[in-house]
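Close look at the chain arrangement
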Amino acid sequence: MEKKWWKEAVGYQIYPRSFKDSNNDGIGDLNGIREKLPYLKELGIDFIWINPVYESPNVDNGYDISNYQEVLSEFGTMADFDCLLDEAHQVGLKVIMDLVINHTSDQHEWFVEARKSKENPYRDYYIWHDSVNGEPPSDWVAIFGGSVWEFDEETNQYYFHAFAKEQPDLNWENESLKQDVFRMISWWLDKGIDGFRIDAISHIKKDAFHLPIDAKNVAARYQNISGIGEYLKELKQTFDRYDIMTVGEASGVSAEEAEEWAGDDGYFDMIFEFEHIGLWKKEEEQVPIRSFKQALSRWQYALDGKGWNALYMENHDVPRSVSVFGSDNEEYRVISAKGLAMMYLFLQGTPFIYQGQEIGMTNMKFASINEIDALDSKHIYQDMLAQGIDEQTALETISRTTRDNARTPMQWTDSEYGGFSETQPWLTVNPNTKEINVESQLQDPQSVLHFYRQLIQLRKENETLIYGGFTELISDHEQIYAYLRTTKEEQFFILVNLSDQSADYQLPSSISEKGKAWELIISNYDQPQEPLTGVGRLAPFEARTYRVQVK
Ligand code: NOJ
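Residues numbered from 1 in each chain as written. Predicted model: local features only at pLDDT ≥ 70, side-chain atom pairs only at ≥ 80, totals over all residues. Heavy atoms only, no water.

Another aspect to go through is the overall build of the protein chain. Looking only at helices and strands, the protein chain features 17 helices and 20 strands. Taking the principal axes of its C-alpha atoms as reference, the protein chain extends roughly 80 × 55 × 50 Å. Taken across its 551 residues, the protein chain has 60% of its residues classed as buried. Roughly 21900 Å² of accessible area belongs to the protein chain as shown, and the carbon and sulfur atoms make up 46% of that amount. Of the side chains in the protein chain, 51 bear a positive and 92 a negative charge, and the two mean positions are spaced by 5 Å. (Helix = DSSP H or I, 4+ residues; strand = E, 2+ residues; numbered from the N terminus. Buried < 20%, exposed > 50% of the residue type's maximum accessible area, 1.4 Å probe, protein only. Areas by Shrake-Rupley, 256 points an atom, 1.4 Å probe, with all protein chains shown as cover. Lys, Arg positive; Asp, Glu negative; His and termini not counted. Charge placed at Lys NZ, Arg CZ, Asp CG, Glu CD.)

And the structure:
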């Protein structure tokens, strides 16, 4: 397997609005990130991915870009960015930026021009359509709700938007649009950044407009549509001129297509797949463990020896992993945060840690809908009320499911605003910052934070955990995820109980063979461990990693 820096790296995702506020206006900023570089370095991080910091009217918190080559003043200046890049490089951290090229803001100069007239040179940078029999061109539904079509009075046509109406989709069939996008990408890469996370990239091609909506999957008509590869290959040509890493956000891409997207010659170095994370259904309390294991293993096998995975359990769009996949009850909060960490950090791929995940931050109990910022959650709340659901029930559902759970400010200390800011932040700080914060965990060797550090360290010291092959064991088990990472010289065996009940296991004879001296190298329970034999029991969320030399 070809060695690459990004295969050996551990990434950390920064949602800048909520990471660290350096000027006490309640909004995190670039200088806040600069302050925390030493913290990230100590954690063992190799690169950071920063969510959009470009000029934006903030309808979708920066994912509606009005100028790709300027920094939004709330976050600082381009000079601050240059300092951040420089300082990060000095301490050995690479910097990955968010690339949003499926859509712009409706305030972007291209769109402002485009909507002036049908003849405007920028008109075709976006997707326009006449009404059909006095109706929108199709019944397709946008990801954030409502029609994908927005009527433009001035020019008497509809434009297409996969997300909010203030985020018109770019027309990838237009040659000059593509050239302008590629120029912008090169401008950033010439600055010396180390790669991109590419937003919503599976949406850049749309199906034929007359087709009816697919009721089971509203995005199906504009997600991973056949022929998208042509655009992605062109995009890759721009990337290939630099030694960078690329990770595509690829909803709707299945494991069968993994190689095409993230194989050795794929469109991207790796992609964020949605299968494991998508198993969490908003209506259900529990994630089905068997399907969760299957999804992860499917992607592991699909790319083992053929490409590379991006590994993640959280990001700014989903609730906190401890609350969803583990348990945020006092009894198991710490144990399950550690168990989940081990479960995914030792898979084959590049792990991404989302800010706060390393201290086991949990979901928030939002006390009122006014505490919610995310526009999709506000829409869903209004829809629920319109369906006759009472306010309390609607709020509870939103509170459990909103992506704002991931966006509450980073919990640095136990102070009123969590050490994030000195003033009331843009989004409420989770009151459990009193118990869950960086400062206290730095002093506690048993903390989730220390456990993350140890896992990262182990990964760095053992190439087998990076390049070793993947084999799942006891795949039918209802609670335990068990897998091997193997090279010619050694094997690692990772055994994790994903449930809050104890779990009995029986291992295949290849594991328990006599004379195989498995050495326990890390576990999330404190008590002394029995030697590994063919049968045994794991406590709730117990996780262990063993190693053996291959003779
Ligand atoms: C995916 C991003 O992660 C999400 O936050 C955003 O709302 C959409 N893409 C639209 O850009």
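Right, picking up where we left off after that structure.
In total, this model carries 33 salt bridges according to the counting rule given. Between arginine 183 and aspartate 180 there is a salt bridge whose closest N-O contact spans 2.6 Å. You can see arginine 183 and its partner aspartate 180 sitting in helix H6 (residues 175-190), three residues apart, about one turn around the helix. Take aspartate 180: its relative accessible area is 17%, and that puts it in the buried class. One salt bridge in this structure joins arginine 333 and glutamate 330, with 3.1 Å as the shortest N-O distance. Because the salt bridges share partners, they merge into one network encompassing Asp60, Asp317, Asp376, Arg403 and Arg407. (Salt bridge = Lys/Arg side-chain N within 4 Å of Asp/Glu carboxyl O.)

A word on the packing of aromatic side chains. The final tally for this structure, using the stated rule, is 40 aromatic pairs. Ring pairs connect the aromatic residues Phe47, Trp49, Phe272, Tyr312 and Phe352, which therefore count as one cluster. Residue placement shows lysine 94 over the ring face of tryptophan 5; its charged tip is 4.6 Å from the ring centre. (Phe/Tyr/Trp six-rings, centres within 6.5 Å; stacked < 30°, edge-to-face > 60°. Lys NZ or Arg CZ within 6 Å of the ring centre and 35° of its normal.)

Spatially, the five strands line up as an open sheet ordered S14-S15-S16-S20-S18, and their pairing is antiparallel. Sheet topology places strand S14 (469-473) and strand S18 (519-523) at the edges, where each strand pairs with a single neighbour. On average, adjacent strands in this sheet sit at an angle of 20 degrees to one another, irrespective of strand direction. Strand direction decides the pairing type here: strand S15 (residues 480-486) and strand S16 (residues 490-497), joined by seven bridges, are antiparallel. (Pairing = 2+ DSSP bridges. Axes fitted to C-alpha atoms, helices over the stretch in contact; angles between N-to-C directions.)

Here we come to the site of the ligand. Around the ligand lies a shell formed by Asp60, Tyr63, His103, Phe144, Phe163, Arg197, Asp199, Glu249, His316, Asp317, Arg403 and Arg407. Residue histidine 103 places a side-chain N or O atom 3.0 Å away from an oxygen atom belonging to the ligand. Arginine 197 is positioned with one of its side-chain polar atoms (N or O) 3.0 Å from an oxygen atom of the ligand. By residue class, the composition of the shell around the ligand is three nonpolar, two polar and seven charged. Both domain 1 (7-98 + 309-364 + 432-461) and domain 3 (175-286) contribute no fewer than three residues apiece to the shell around the ligand. (Near = heavy atom within 4 Å. Polar contact = N/O pair within 3.5 Å; in protein donor to acceptor, adjacent residues only side chain to side chain. Nonpolar A, V, L, I, M, F, W, Y, C, P; charged D, E, K, R; others polar. Domains from an automatic or database assignment.)

Positive phi values are uncommon outside glycine, yet asparagine 24 reaches one of about 55 degrees. Looking at the element boundaries, asparagine 24 is found in the loop between strand S1 (11-14) and helix H2 (30-35). The backbone of asparagine 133 shows a phi angle near 50 degrees, a positive value even though the residue is not glycine. Turning to its location among the elements, asparagine 133 is positioned in the loop between strand S6 (128-129) and strand S7 (149-152).

Accessible area lost when the parts come together is the quantity often used to give the size of an interface. Along its sequence, the protein chain is carved into domain 1 (7-98 + 309-364 + 432-461), domain 2 (109-160), domain 3 (175-286) and domain 4 (466-549). Put simply, the middle of domain 1 and the middle of domain 2, counted by C-alpha atoms, are 37 Å apart.

We now examine helix H13 (residues 391-401). Three or more residues of H13 are buried, namely Ala394, Leu395, Ile398, Ser399 and Thr401. On its buried face, H13 sits against helix H12 (375-386). The backbone nitrogen of glutamine 392 has a side-chain oxygen 3.2 Å away, supplied by the residue at the start of H13, namely aspartate 390. (Contact = heavy atoms within 4.5 Å.)

Reading across the sheet, the three strands line up as S6-S8-S7 and stay open at both edges, with antiparallel pairing between neighbours. For this open sheet the edge positions go to S6 and S7, each flanked by a neighbour on one side alone. One ladder, built from four bridges, connects S7 with strand S8 (residues 157-160); its direction is antiparallel. Of the residues in S8, the one forming a bridge with glutamate 150 is tyrosine 159.

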